[in-house]
Amino acid sequence: MTALIDSFSADARWDMHCHTRFSDGTFTPAELVKQAKDAGLQGLAITDHDTYAGWDELAQASIDYHFPVVRGTEITAYDKATSVHMLAYLYDSHQRAMSELFDKTREARLKRTRKMVEAISKDFPITWEGVLEQVREGEKTTVGRPHIADALVHAGVYENRSQAFAGVCSSSSKYYIPTPSPSTHEVIRGVHAAGGVVVIAHPGALGRNRELLSDAQIDTLIDEGLDGLEIWHRENSAEQRERLSRIALKHHLVMTGGSDWHGLGKPNLLGENTTPGNIVAEIANMGSIPLLP
Ligand code: AMP
Ligand code: ZN
Ligand code: FE
Ligand code: FE
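Note that the structure is predicted; figures quoted are calculated from it, not measured.

1. Quick word on the coordination of the zinc ion (ligand 2)
Thought 1: Within the protein, Asp24 (OD), Asp24 (OD), His49 (NE2) and His262 (NE2) serve as the donor atoms for the zinc ion (ligand 2), at 2.0 to 2.7 Å.
Thought 2: When the donor residues of the zinc ion (ligand 2) are listed from N- to C-terminus, their spacing reads D-x24-H-x212-H.
Thought 3: Taken as an interatomic distance, the gap from the zinc ion (ligand 2) to the iron ion (ligand 3) is 5.9 Å. Of this pair, aspartate 24 sits in the loop between strand E1 (13-18) and helix H1 (29-38) while histidine 262 sits in the loop between strand E7 (254-257) and strand E8 (275-276), and the two are 238 residues apart along the sequence.
Thought 4: Taking relative accessible area as the criterion, histidine 262 reaches 2% and is therefore assigned buried.

Pasting the structure below:
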């Protein structure tokens, strides 16, 4: 067994962006931990969309496998016209500031997903009940387009989730309804009130938005206390990584990486992008709850 201290060296590799069944990943937190350990990683962060419902199961798995984990969440937000995902690490989940950020978003996601299904079901053989069958942890799961996609795959309309996202589930499809969500400013305020660390997820992902966050928008978030940028992510182009690294270095932000693993729901491989252990130690120093085990 490797000593825990080896997890914090510069050559230790942590996957700081992983989804489980508590949002739109296809494996449990325990399966995530086992796969990360088998893949030779030194640690991981769980970052399900808009929930911490998977944290307890992750904590138990971290003890069972003696594997280091960071508890986190990927929060859906907006900044002007841009949809922004923010990774929140090591915050106190008992703080009301956090559940207020999620509860509204999760309710809104459910309503809007249902509305999308009503429209889609006029043209394709799916039902709301069929979509709910794809939701694996009941009310604890953050429901969204991926579950519609899985229902379409189940009905034989598409071969896999990514094909569904290229078609009916795409944000440019006529069925698309955006999710009302908090602003980036509200997220920074809320996560910091709960003692957590905030990193912008895939800020250079050109395929997700017509417009990326500008330097000026990022500067404003830095003034408000933004802690880091996710640099190593498959959807950040080479030029964007360059641009984002410059910003991070200039403002002493943490630079992170992660796979955005969704199990079988996306082609992304666990550990395809990682964060060095010494950066994780910095994040741990800033957070208000400990790393586990
Ligand atoms: P929603 O948040 O409900 O609008 O759904 C969008 C989310 O679907 C994004 O955050 C992605 O992480 C997720 N997603 C899961 N699987 C896929 C996939 N195969 N292709 C595209 N997006 C996906
Ligand atoms: Zn996702
Ligand atoms: Fe994301
Ligand atoms: Fe993600």
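2. Thoughts on helix H7 (residues 184-193)
Thought 1: Looking only at H7, the buried set comprises Thr184, Val187, Ile188, Gly190 and Val191.
Thought 2: Those residues of H7 hidden inside the fold are in contact with strand E3 (69-79), strand E4 (82-89), helix H3 (96-120), strand E5 (197-200) and helix H8 (215-223).
Thought 3: The positive-phi residue at the C-terminal boundary of H7 is glycine 195, with phi of around 75°.

3. So, the side chain of serine 93
Thought 1: You can see serine 93 is positioned in the loop between E4 and H3.
Thought 2: A relative accessible area of 13% places serine 93 in the buried class.
Thought 3: Once residues within four sequence positions are removed from consideration, serine 93 is found in contact with Tyr52 and Trp55.

Conventions and cut-offs
- Residues numbered from 1 in each chain as written.
- Chains lettered and ligands numbered in written order.
- Predicted model: local features only at pLDDT ≥ 70, side-chain atom pairs only at ≥ 80, totals over all residues.
- Heavy atoms only, no water.
- Donors = N, O, S within 2.8 Å, 3.2 Å for Na, K, Ca; no water.
- Helix = DSSP H or I, 4+ residues; strand = E, 2+ residues; numbered from the N terminus.
- Buried < 20%, exposed > 50% of the residue type's maximum accessible area, 1.4 Å probe, protein only.
- Contact = heavy atoms within 4.5 Å.

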